[in-house]
Amino acid sequence: MAISPGFLTDWPWKKLGSFKYIILSPWAIHTIYGLATKEKSEIDYLNITIIPFLLWRALHNQIWISFSRHRTAKGNNRIVDKSIEFEQVDRETNWDDQILLNGLLFYIFNTTLDRASKLPIWRTEGIIMTILLHAGPVEYLYYWLHRALHHHYLYSRYHSHHHSSIVTEPISSVIHPFAEHIAYFLLFAIPMLTTVVTNTASMACIFGYITYIDLMNNMGHCNFELIPQWLFSIFPPLKYLMYTPSFHSLHHTQFRTNYSLFMPIYDYIYGTMDKSTDDLYETSLRKKEDFPDVVHLTHLTTPQSIFHLQIGFASFASKPHNSKWYKWLMWPITWWSVVLNLICGCSFIVERNSFEKLRLQSWAIPRHNVQYLVKWQKQAINGLIEEAILEAEARGVKVLSLGLLNQAKELNRNGAIYIEKHPHLNIKVVDGSSLVVAIVLNSIPEGTTEVVFRGKLSKVAYSIVGALCQKGIQVSTLYENEYEELKLAAKSQSKMVLSKIYSQKIWLVGDELTEEEQMRAPKGTSFIPFSKFPPKKARNDAVYQYTPAMVAPPSLENLHSCENWLPRKVMSAWRIAGIVHALEGWNMNECGETLFDIDKIWQASLKHGFRPLMFST
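What you see is a predicted model; the values in this text were computed from it and never measured.

Structural notes on the overall build of the protein chain
Okay, step 1: Tallying secondary structure elements over the protein chain gives 25 helices and 14 strands in all.
Okay, step 2: Its C-alpha atoms give the protein chain principal-axis dimensions of roughly 95 × 60 × 50 Å.
Okay, step 3: Expressed as a percentage of contacts within the protein chain between residues at least 6 apart in sequence, the contacts between residues at least 24 apart total 70%.
Okay, step 4: Carbon and sulfur atoms provide 62% of the accessible area of the protein chain, an area that totals close to 27,900 Å².

A word on helix H24 (residues 573–584)
Okay, step 1: Taking 1.5 Å per residue as the helical rise, H24 with its 12 residues ought to reach 16 Å, and the 16 Å between its terminal C-alpha atoms agrees with that figure.
Okay, step 2: Counting buried positions over the 12 residues of H24 gives 11, a clear majority of the element.
Okay, step 3: Among all positions in H24, only Ala573, Trp574, Arg575, Ile576, Ala577, Gly578, Ile579, Val580, His581, Ala582 and Leu583 are buried.
Okay, step 4: Where H24 ends, the next residue or the one after it, Gly585, has phi of about 70°, a positive value.

Some words on the sheet that holds strand E8 (residues 496–498)
Okay, step 1: Judged by pairing direction, the sheet is parallel, and its 6 strands sit side by side in the order E8-E7-E6-E9-E10-E11 without closing on themselves. Unpaired on one side and paired on the other, E8 and strand E11 (543–544) mark the two borders of the sheet.
Okay, step 2: Two elements, strand E6 (residues 450–454) and strand E7 (residues 474–477), share 4 bridges in a ladder whose sense is parallel. Bridge pairing in E7 links Phe453 to Thr477.

Describing the nonpolar core
Taken as a class, soluble globular proteins show a tendency for nonpolar side chains to be buried jointly.
Okay, step 1: With 55 residues, the main nonpolar core has Trp13, Leu24, Trp95, Phe106, Phe188, Ile206 and Phe207 as its most contacted residues.
Okay, step 2: Residue assignment for this core shows that the elements contributing at least two residues are helix H3 (50–74), helix H5 (97–112), helix H6 (124–149), helix H8 (178–197) and helix H9 (203–220).
Okay, step 3: In this structure, Leu435, Ile444, Ile473 and Ile576 belong to the second largest nonpolar core, which totals 52 residues.

Observations regarding the sheet that holds strand E14 (residues 611–612)
Okay, step 1: Strand order in the open sheet formed by 3 strands is E13-E12-E14, and the pairing between neighbours is antiparallel. With one partner strand each, in any of the chains shown, strand E13 (570–572) and E14 form the two edges of the open sheet.
Okay, step 2: For strand E12 (residues 549–551) and E14, the ladder comprises 2 bridges, and the chain directions are antiparallel. For Val551, the partnering residue across the bridge sits in E14 and is Arg611.
Okay, step 3: Of the strands in this sheet, E12 and E13 touch H24, which is tilted by about 85° from E13.

Analysis parameters
Residues numbered from 1 in each chain as written. Predicted model: local features only at pLDDT ≥ 70, side-chain atom pairs only at ≥ 80, totals over all residues. Heavy atoms only, no water. Helix = DSSP H or I, 4+ residues; strand = E, 2+ residues; numbered from the N terminus. Contact = heavy atoms within 4.5 Å. Areas by Shrake-Rupley, 256 points an atom, 1.4 Å probe, with all protein chains shown as cover. Expected span 1.5 Å × (residues − 1). Buried < 20%, exposed > 50% of the residue type's maximum accessible area, 1.4 Å probe, protein only. Pairing = 2+ DSSP bridges. Core = buried A, V, L, I, M, F, W, Y, C linked by side-chain atoms within 4.5 Å. Axes fitted to C-alpha atoms, helices over the stretch in contact; angles between N-to-C directions.

Next comes the structure, spelled out in structure tokens:
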């Protein structure tokens, strides 16, 4: 929001929320009706291609968003070494409003101007005219409009909204108040309306011009330099005709320089070119890829989880993972992502963070959780994890945390097979089990004397039960086979009970908990998961706590996406474990049957600013 919002700041359809797309429905219906009733010779192909073109614009923008976030996470050629926060992501979620406005105005002009209908596919003279009009009047007028928007009166009421983003992303380019977008549309309409009036317009001319604007806008707002230096060496005058991401980045950090749209020539003419433009460009090109200290290795959960990655849809990634009906409408993208994940043979970077002296990255294995349960996928998944560990070793990574379903013995013995196969690794592999145990134990209310324990047995499960029995807390199980196995882990077997009465209101639950079992618990029961995946909610009169996690310290930077179903600024125990391990400099692996001292890792986590999660789902 601008500092002092002025007239026409908000978009007219803001109150419609996700239903804002309905404003195009009358025009879309009119187009379909005309297509069904008119003769082939009477069909206006410009009219019927408006909706597909709007979809293309949305896809084009999303490609830039994903590409930019991936490249920025890698670190090479990065321009501004600052972080993006949730506030910026929220501010930029309405980037599609300008596409809706574009579509609405297209329909209005197409139906009200005879010369704007039934356009040919190509007219060479119209394309030449568009190029000349853009390079002349549009670029010149934009320069002075932009300088006017930096006058304190207009800046505080309108343009300050755009400049709230110091570290820009491609989509930051279209984050403006409604009134500004009207001014920009009138400006960019000069070439299009001129070609329409002179009967030289064509579909390629209009759609191509808008695609060019999107391309240059997105490219110029990337936070990494991607224009190669050889382009300017081959044709030196190009520096006056095409801007670069580093050129426009200076406008967002310095505010009073580099006002030009896409052609810096007017900044050179009027003396507003930032003196450090060339130096920043060259420095950015020389910047190497980041070498992280800690890597968190994770994987996709459901096919739809691809949208929730930080390199996916920003508005989805900034909220906890959930299943919404409208996501099923994107099944073509979902299906193609599944195919690409099967073809992709290596992990990929999805997020970059920094904390204290550490550089952090999250890498994703291109497999979904259901594939971890299929026996014939075991070898392929273990191969991908092993390759990721070896790549991290080659990059000098200190600690790699395993936030995967590889906690299961049947897959890779809790990660032990990698250490046994490569005993001379310098990198430390951490599965996070000790911190999971610590968080679960500290989630149990003080004064609790008995709990019910139900879930798939694992290293974590045995450790939790042993610690509870040592504290004198009675642990009840539902099934005899679980009772017999857990009794061996209990240091005080008298505290293990095979119960048929379920009066306990604290249930520690893991994988394999069924809805039927949840219904046995009394009203008001608190379900505390010790597994990576939360139980499926079966009732509304119980409390379902989050999977083991802690609130991240405010100093942990670039945290602007949610980790699966966890709320904002909350990190899973598996991810935190690797960070704490690196900060403390512990020189040991935590995999196989190995566990750290539970109290020691809990106190270390608190010391570094991580805080218990005091609320539930």
